[in-house]
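Structural characterization, general
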Amino acid sequence: MRNAPSVTAPVGRSRFALALVLCGGISALTLLLAWIVHVPAHPQRQLLVGGLFVLWAVLAWREQRGRTTGQLQWDGATWWFASGSASQEVEPAVVLDLQRVLLLRIEAPAPSGDRPRWCWLEAGTDRPHWLALRRALYSRARKDVPPSRGEEAAQP
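The structure contained in this document is the topic of the report that follows. No experiment lies behind these values; they were computed from the predicted model shown.

**Topic: the overall build of the protein chain**
- Tallying secondary structure elements over the protein chain gives four helices and six strands in all.
- Starting at the N terminus, the α and β elements of the protein chain follow one another as β-α-α-β-β-β-β-β-α-α.
- Of all 156 residues assigned to the protein chain, the portion counted as buried reaches 26%.
- Partitioning the intrachain contacts of the protein chain with sequence separation of at least 6 by distance along the chain shows that 52% fall at a separation of at least 24.
- Carbon and sulfur atoms form 59% of the exposed surface of the protein chain, whose accessible area is close to 11,100 Å².

**Topic: the nonpolar core**
- Leu72, Trp79, Leu104, Ile106, Leu121 and Leu133 are the most contacted members of the largest nonpolar core, which has 19 residues in total.
- Counting residues per element, the ones that place at least two in this core are strand S1 (7-11), strand S2 (70-74), strand S3 (79-83), strand S5 (101-107), strand S6 (117-122) and helix H3 (127-139).

**Examining the packing of helix H1 (residues 15-38) against helix H2 (residues 43-65)**
- As a packed pair, H1 and H2 sit with axes 11 Å apart at the nearest point and diverge in direction by 170°. Judged on the interaxial angle alone, H2 and H1 are roughly antiparallel. Across from Ala17, Leu18, Val21, Gly24, Gly25, Ala28, Leu29, Leu32, Trp35 and Ile36 in H1, the residues of H2 making contact are Arg45, Gln46, Val49, Gly50, Phe53, Trp56, Ala60 and Gln64.
- The residue inventory of the contact of H1 with H2, partitioned by class, reads twelve nonpolar, five polar and one charged.

**Here's the deal with the sheet that holds S6**
- Ordered by their spatial adjacency, six strands build an open sheet running S1-S2-S3-S4-S5-S6, and the pairing between neighbours is antiparallel. Of all the strands in the sheet, the pair left with one neighbour each is S1 and S6. Mean inter-strand twist for the sheet, computed between neighbouring axes without regard to direction, equals 35°.
- Inspection of the sheet shows S3 paired to strand S4 (residues 86-97) by five bridges, in the antiparallel sense. If you follow Phe81 over to S4, its bridge partner there is Gln88.
- The strands touched by H1 are S5 and S6; relative to S6, the strand with the most contacts, the crossing angle is about 110°.
- Its contacts with the sheet put H3 on S1, S2, S3, S4, S5 and S6, and the angle it makes with S1 is roughly 100°.

Conventions adopted
Residues numbered from 1 in each chain as written. Predicted model: local features only at pLDDT ≥ 70, side-chain atom pairs only at ≥ 80, totals over all residues. Heavy atoms only, no water. Helix = DSSP H or I, 4+ residues; strand = E, 2+ residues; numbered from the N terminus. Buried < 20%, exposed > 50% of the residue type's maximum accessible area, 1.4 Å probe, protein only. Contact = heavy atoms within 4.5 Å. Areas by Shrake-Rupley, 256 points an atom, 1.4 Å probe, with all protein chains shown as cover. Core = buried A, V, L, I, M, F, W, Y, C linked by side-chain atoms within 4.5 Å. Axes fitted to C-alpha atoms, helices over the stretch in contact; angles between N-to-C directions. Parallel < 35°, antiparallel > 145°, perpendicular 65-115°, else oblique. Nonpolar A, V, L, I, M, F, W, Y, C, P; charged D, E, K, R; others polar. Pairing = 2+ DSSP bridges.

Written out as structure tokens, the structure reads:
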């Protein structure tokens, strides 16, 4: 099988991820307000839950602001993540595939000790580029897959 052609994809803030966070936040706030209005409870509990919601909102905002930015590059043999002037070999893994949106976990090879990066990639308007990226993500030969039965029988 031939390798997928080289491809480069921008990695940055995702409108889809932001929409997920906003929908989750609005839903949680609506439930919190309904609980405060309609269920008799101790004010301390309501303050505690309200404080937890504010803490979640601040952490979600910081996460969105601190999103990984750069470029994910496939050169036909190796994946690279370039951010600024630095470029590092990485191993991306598709965690969630929604056809027009991908959630990737990008890890550096084992000895580096870097934490994995999580990023959302979106199709945008460049469909051929998006399809090439998806082919490259899925076409990499996996080393951990055992040979099929036909291949085992063919070996002496």
